[in-house]
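What follows is each chain in one-letter form.
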Amino acid sequence: MTGFTLTRQIAARPSIVYDALTTADGVAAWWGPDDQPVTVSEVDARIGGGFRVRFATDDGLEHEAQGEFLELDPPRRVVMSWRWAVNGVADEVGRESRVEVDLRRADYGTELTFSHLELATEASAVSHEGGWAGALNKLQRRLDGVPGESTFNATQ
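Residues numbered from 1 in each chain as written. Predicted model: local features only at pLDDT ≥ 70, side-chain atom pairs only at ≥ 80, totals over all residues. Heavy atoms only, no water.

### Observations concerning the sheet that holds strand S3 (residues 50-56)
Strand pairs in the sheet, formed through backbone hydrogen bonds, run parallel or antiparallel to each other. Read from one edge of the open sheet, seven strands run S1-S7-S6-S5-S4-S3-S2, paired in antiparallel fashion. Either end of the sheet is taken by a strand with one partner, and the two such strands are strand S1 (2-10) and strand S2 (38-43). Strand-to-strand, the axes of this sheet are offset by a mean angle of 20°, without reference to chain direction. In the packing of helix H1 (residues 14-22) onto the sheet, contacts are made with S1, S2, strand S4 (62-73), strand S5 (77-86), strand S6 (97-106) and strand S7 (109-119), and the angle to S6 comes to roughly 160°. Those strands touched by helix H3 (residues 122-143) are S1, S5, S6 and S7, and its axis lies near 15° from that of S1. (Pairing = 2+ DSSP bridges. Helix = DSSP H or I, 4+ residues; strand = E, 2+ residues; numbered from the N terminus. Axes fitted to C-alpha atoms, helices over the stretch in contact; angles between N-to-C directions. Contact = heavy atoms within 4.5 Å.)

### Examining the side chain of Arg-77
Looking at where Arg-77 falls in the secondary structure, it is placed in strand S5. A polar side-chain atom of Arg-77 sits 2.9 Å from a polar atom in the side chain of Glu-71. Beyond its immediate sequence surroundings of up to four residues, Arg-77 is in contact with Tyr-18, Glu-71, Leu-72, Arg-98, Glu-100, Val-101 and Asp-102. (Polar contact = N/O pair within 3.5 Å; in protein donor to acceptor, adjacent residues only side chain to side chain.)

### Quick look at the nonpolar core
Membership of the largest hydrophobic core comes to 36 residues, with the highest contact counts inside it found for Trp-30, Trp-31, Leu-112 and Trp-132. Of all the elements in the fold, those that place two or more residues in this core are S1, H1, S3, S4, S5, S6, S7 and H3. Counting residues per element, this core draws most heavily on H3, which supplies seven residues. When sequence neighbours within four positions are dropped, the list of residues in contact with Trp-30 reads Ala-20, Leu-21, Trp-132, Ala-135, Leu-136, Lys-138 and Leu-139. (Core = buried A, V, L, I, M, F, W, Y, C linked by side-chain atoms within 4.5 Å. Buried < 20%, exposed > 50% of the residue type's maximum accessible area, 1.4 Å probe, protein only.)

### A short note on the environment of Val-101
One can find Val-101 in strand S6. Of the residues examined, Val-101 reaches a relative accessible area of 2% and is grouped as buried. In this structure, the C-alpha to C-alpha distance between Val-101 and Leu-21, residues 80 residues apart in sequence, is 8.8 Å.

### Looking at the packing of aromatic side chains
Aromatic rings in a pair are described by how distant their centres are and how their planes are angled relative to each other. Inspection of every chain in the model, using the stated rule, returns 12 aromatic pairs. Look at Trp-31 and Trp-132: their rings are 5.5 Å apart centre to centre, the planes differ by 85°, and that puts the pair in the edge-to-face class. With Trp-31 in the loop between helix H2 (24-28) and S2 and Trp-132 in helix H3, this pair connects stretches of sequence that are 101 residues apart. For Trp-132, a relative accessible area of 6% gives the class buried. Among the aromatic residues, those joined into a ring-pair cluster are Phe-4, Trp-30, Trp-31, Phe-51, Phe-55, Phe-69, Trp-82, Trp-84, Phe-114 and Trp-132. (Phe/Tyr/Trp six-rings, centres within 6.5 Å; stacked < 30°, edge-to-face > 60°.)

Right, here's the structure in full:
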């Protein structure tokens, strides 16, 4: 089993970043590695609640991931299970992995540390790392400098 960790510095409060991780509108604004749309975003952000996200990629495919929220500590931490329901990485079909996101207040806004763990192979980890890097870049572009206190607003 293998995994990876990515870090981003986001010029928005931790509460805003947290909302982007735990609301349907927030997730719809950034999931997926390419600048293609999220076509389904369902989020029930409570321990034991689930998520379902379907997004398109530049290669014309749609991918769908699902999982369950395992830990929620607003606005500091989100932990969820992760499994592919449509397309995704072949090594992960029928498997479940773990995503951990930690948010730390910093002078510039938020330091986000993202880990995807318990992946089946190194090749799967490399593929997921590339996908998540693209998605986190979108999140960073979307939220840098977003005004407000604690609510993600997809129209901002």
